[in-house]
Amino acid sequence: GKLLYVADWSNGLGVLDLEATGQSTGRWTWMRPPADSTVLGIDGLRRHGNRLIAIQNGIAPPRILSLELSADGRSLVAAKTLERNLAEWDEPTLGVVVDGAFYYVANSHWPSFPGDDSTPVDTAKLSPTAIRRVVGNSYSSGYTTAAATIRPSSLRTGTVASPRACAPRMTS
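Basis of the calculations
- Residues numbered from 1 in each chain as written.
- Predicted model: local features only at pLDDT ≥ 70, side-chain atom pairs only at ≥ 80, totals over all residues.
- Heavy atoms only, no water.
- Pairing = 2+ DSSP bridges.
- Helix = DSSP H or I, 4+ residues; strand = E, 2+ residues; numbered from the N terminus.
- Axes fitted to C-alpha atoms, helices over the stretch in contact; angles between N-to-C directions.
- Core = buried A, V, L, I, M, F, W, Y, C linked by side-chain atoms within 4.5 Å.
- Buried < 20%, exposed > 50% of the residue type's maximum accessible area, 1.4 Å probe, protein only.
- Contact = heavy atoms within 4.5 Å.
- Salt bridge = Lys/Arg side-chain N within 4 Å of Asp/Glu carboxyl O.
- Phe/Tyr/Trp six-rings, centres within 6.5 Å; stacked < 30°, edge-to-face > 60°.

A. Inspection of the sheet that holds strand S5 (residues 51-56) at higher detail. Ordered by their spatial adjacency, four strands build an open sheet running S4-S5-S6-S7, and the pairing between neighbours is antiparallel. Of all strands in the sheet, those bounded by a partner on one side alone are strand S4 (42-48) and strand S7 (76-84). This sheet shows a mean twist of 20° between the axes of neighbouring strands, independent of strand direction.

Written out as structure tokens, the structure is:
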């Protein structure tokens, strides 16, 4: 069936069966985390094949997590940390899978915002945007931990580049 995965920062992961009819208890299910793992604090979520890739910036330490789905996609069977607590991180968030690699914003600077819908007071102290790439060797065995950071200075100014376009310009 068609399933929608929903991350709730304080309650975890849920799955909604979009083809189920009525208000049956089988339509919505909270997913139990795999042993020795948590699904709390997820701010970004992507599905690729039989995996969910989660950005957890609401736990300490923050991390990028690969969650293996069961054959029917309704439960989690394993978890693997892909990256964890990197020095360059300033609240990692939002990601996408392109050509087998996972790209995400490594430093959203969210903690620099005062919380009143205004912009940070001293933008000169903010580091340039960093997009990290985590390379997948296969989705059945997970991702490698090889990663690199894309710096805006490596991109042509005035253009919008896709992660695919950025890949050749990446620096470690």
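Now that the structure has been shown, the text picks up again.
B. How the structure looks around the nonpolar core. By size, the foremost hydrophobic cluster in this structure holds 13 residues, and its most contacted members are Tyr5, Leu13, Met31, Leu52, Leu67 and Leu76. At the level of secondary structure, the elements contributing two or more residues to this core comprise strand S1 (3-8), strand S2 (12-17), S5 and strand S6 (63-69). Ranked by the residues each element gives to this core, the list is headed by S6, at three residues. Among residues more than four places away in sequence, those in contact with Tyr5 are Gly14, Val15, Met31, Leu45, Arg47, Leu52, Leu69 and Gly73. Among the nonpolar cores identified, the runner-up in size contains eleven residues, and Trp89, Phe102, Ala106 and Val134 belong to it.

C. Examining the pattern of salt bridges more closely. Under the counting rule described, the total for this entry stands at four salt bridges. Between Asp17 and Arg74 there is a salt bridge, with its nearest N and O atoms 2.8 Å apart. Placement of Asp17 in strand S2 and of Arg74 in the loop between S6 and S7 is noted, with a sequence separation of 57 residues between them. A residue is classified by how much of its surface remains accessible, and Asp17, at 10% relative accessible area, is buried.

D. Broad picture of the packing of aromatic side chains. In the structure shown here, the tally under the stated rule is three aromatic pairs. With a centroid separation of 5.1 Å and 90° between ring planes, the pair formed by Trp28 and Trp30 is classed as edge-to-face. Residue classification places Trp28 among the partly exposed positions, given a relative accessible area of 32%. Between Trp89 and Tyr104, the aromatic rings sit 6.2 Å apart at their centres with planes inclined by 80°, giving edge-to-face as the arrangement. Here Tyr104 lies in strand S9 (residues 101-105) and Trp89 lies in the loop between S7 and strand S8 (93-98), a separation of 15 residues in the sequence. Exposure remark for Tyr104: the relative accessible area of 1% places this residue in the buried category. Of the aromatic side chains, those joined through ring pairs into one cluster are Trp89, Phe102 and Tyr104.

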